[in-house]
Amino acid sequence: MTSNNPTMTAFVLHGAKDIRKEVVLRPAPGPGEVLVAVRAAGICGSDLHYFAHGKCGNFVPTQPFILGHEFAGEIVAHGEGVQSPAIGTRVAVDPSRACGRCKQCRQGRYNLCPKMVYFGSASVTPPSNGCYAEYVTAPAQNCWPLPAGFEYAWGALLEPMSVAMHAVQRSGGVGGKSVLITGGGTIGQMILLVAVAFGASKVIVSDIKPFARDFAEKYGAAGTLDPTSKTMSDDAAEFSPGGFEVVFEAAGVAAALDQAIRLSAPGATVVQVGTLPDGTAIPANALLSRELQYVGSWRFANVFERVIEMVVSGRIDPRPLITKIHPFENLSEAIVEAGSGENVLKMQIANPA
Ligand SMILES: [Zn+2]
Ligand SMILES: [Zn+2]
């Protein structure tokens, strides 16, 4: 890199409701890393938590840091030892920096690496910087080239779509099965798209918001449920008498978990994707007596390429998931709008070359 310490614009979180546009030092790529000019970035529920509360669950930042972990961009510099992807390549970046050496990493389950450093996260001390900046450094091996015609905005959707793909893989497969998704937020709707693409016999989405139910019906759900309705159980039985064979709990709400278990068929698999409040009770005797398989699904591993292929083949259309794209400069407004908007799925920022 040049010696005159180049700078860049970044959005730095200082605390709850306090995100500041600042000029900071541009990072230099280390050995094995590349410098990526960020072209598109998504706003995730976790970013909204950090913004609203200054923390996310029990991840409490010890110092100001740059948020954001869903992004795509252009490779503009190489660190030592890097030959590919070439300068100028358009890439999406897997934001998981795993150690690569522990047992979980060596078994291909790097999402479970105890030493994981995720982009834009306070899961480590000090917190790791993310992608709400003009530039980020990333390991070259985390960069997935985008095929021609694959937009940066879709590239910035690969991280949450990978979460959905991983959840479907954790279920053991949905082909030919009746599926219930509790929670029609961005991840829930992405699971819907993946489950339909993978041949579920029917997918039902449950959500309190009419917007979420309308979206699901428009994009492949065979029906929807209102979890607050008195007739919820009867409505569910009409869709799938005897219960659903695979259930994804994507709401992260105790009441939704209860419904997920109650509406599942004996022998079903229930996948926990949403983050539940600490201390949430699990209906253990229902698991026991109906031999349910209750499995966790945490982030994702090794699915970026598969999601790209599903989009390229036309099996998954990412476009409806993007509610609005703001200019990079307006990140703070975009976060406020994403947090307050009732009718929002994915909010993104774009910073074209
Ligand atoms: Zn995310
Ligand atoms: Zn590891």
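Residues numbered from 1 in each chain as written. Chains lettered and ligands numbered in written order. Predicted model: local features only at pLDDT ≥ 70, side-chain atom pairs only at ≥ 80, totals over all residues. Heavy atoms only, no water.

**Some remarks on the side chain of His326**
Line of reasoning, step 1. One can find His326 in strand 17 (residues 322-327).
Line of reasoning, step 2. For His326, the side chain forms a polar contact with the side chain of Glu337, separated by 3.2 Å.
Line of reasoning, step 3. Other than its neighbours up to four places away in sequence, His326 contacts Ala334, Glu337, Met347, Gln348, Ile349 and Ala350. (Helix = DSSP H or I, 4+ residues; strand = E, 2+ residues; numbered from the N terminus. Polar contact = N/O pair within 3.5 Å; in protein donor to acceptor, adjacent residues only side chain to side chain. Contact = heavy atoms within 4.5 Å.)

**Focus on the packing of aromatic side chains**
Line of reasoning, step 1. All told, the structure shown has six aromatic pairs when counted by the stated rule.
Line of reasoning, step 2. Both rings, one in Tyr50 and one in Phe65, keep their centres 5.5 Å apart while their planes meet at 80°; by these two values the pair is edge-to-face. Taken together, the positions of Tyr50 in helix 1 (residues 45-53) and Phe65 in strand 4 (residues 65-66) put the pair 15 residues apart, joining distant regions of the chain. Phe65 carries the same exposure label as Tyr50, and that label is buried.
Line of reasoning, step 3. The ring of Tyr152 has Arg90 sitting right over it, with the charged end atom 4.7 Å from the ring centre.
Line of reasoning, step 4. Here the basic side chain of Arg299 rests over the ring of Tyr118, its NZ or CZ set 3.9 Å away from the ring centre. (Phe/Tyr/Trp six-rings, centres within 6.5 Å; stacked < 30°, edge-to-face > 60°. Buried < 20%, exposed > 50% of the residue type's maximum accessible area, 1.4 Å probe, protein only. Lys NZ or Arg CZ within 6 Å of the ring centre and 35° of its normal.)

**Digging into the sheet that holds strand 14 (residues 244-249)**
Line of reasoning, step 1. Judged by pairing direction, the sheet is parallel, and its six strands sit side by side in the order 13-12-11-14-15-16 without closing on themselves. Each edge of the open sheet is held by one strand with a lone partner, namely strand 13 (223-225) and strand 16 (293-296). Recorded for the sheet is a direction-independent mean angle of 20° between the axes of neighbouring strands.
Line of reasoning, step 2. Note that strand 14 and strand 15 (residues 264-272) share five bridges and pair parallel. Its bridge partner being in strand 15, Glu249 is matched across the sheet by Gln272.
Line of reasoning, step 3. Relative to the sheet, helix 8 (residues 254-262) contacts strand 11 (178-182), strand 14, strand 15 and strand 16, its axis offset from that of strand 15 by approximately 145°. (Pairing = 2+ DSSP bridges. Axes fitted to C-alpha atoms, helices over the stretch in contact; angles between N-to-C directions.)

**Quick word on the domain arrangement of the protein**
Size of an interface: often given as the accessible area lost when the parts come together.
Line of reasoning, step 1. The domain architecture assigned to the protein consists of domain 1 (7-157 + 318-350) and domain 2 (164-296).
Line of reasoning, step 2. For domain 1 and domain 2, the distance between their C-alpha centroids amounts to 29 Å.
Line of reasoning, step 3. Counting from both sides, the interface comprises 11 residues of domain 1 and, opposite them, 13 residues of domain 2.
Line of reasoning, step 4. Taking both partners together, domain 1 and domain 2 bury about 980 Å²; carbon and sulfur atoms supply 68% of that area.
Line of reasoning, step 5. Considering only the surface of domain 1 that becomes buried against domain 2, Pro320, Leu321 and Leu345 emerge as the three largest contributors, covering 52% of it.
Line of reasoning, step 6. Taken together, the links from domain 1 to domain 2 amount to zero salt bridges.
Line of reasoning, step 7. Along the contact surface separating domain 1 from domain 2 lie two residue pairs in polar contact (both at pLDDT 80 or more).
Line of reasoning, step 8. For the side of domain 1 that touches domain 2, the residue count by class is five nonpolar, three polar and three charged. (Domains from an automatic or database assignment. Buried area = accessible area lost by both parts, 1.4 Å probe. Salt bridge = Lys/Arg side-chain N within 4 Å of Asp/Glu carboxyl O. Nonpolar A, V, L, I, M, F, W, Y, C, P; charged D, E, K, R; others polar.)

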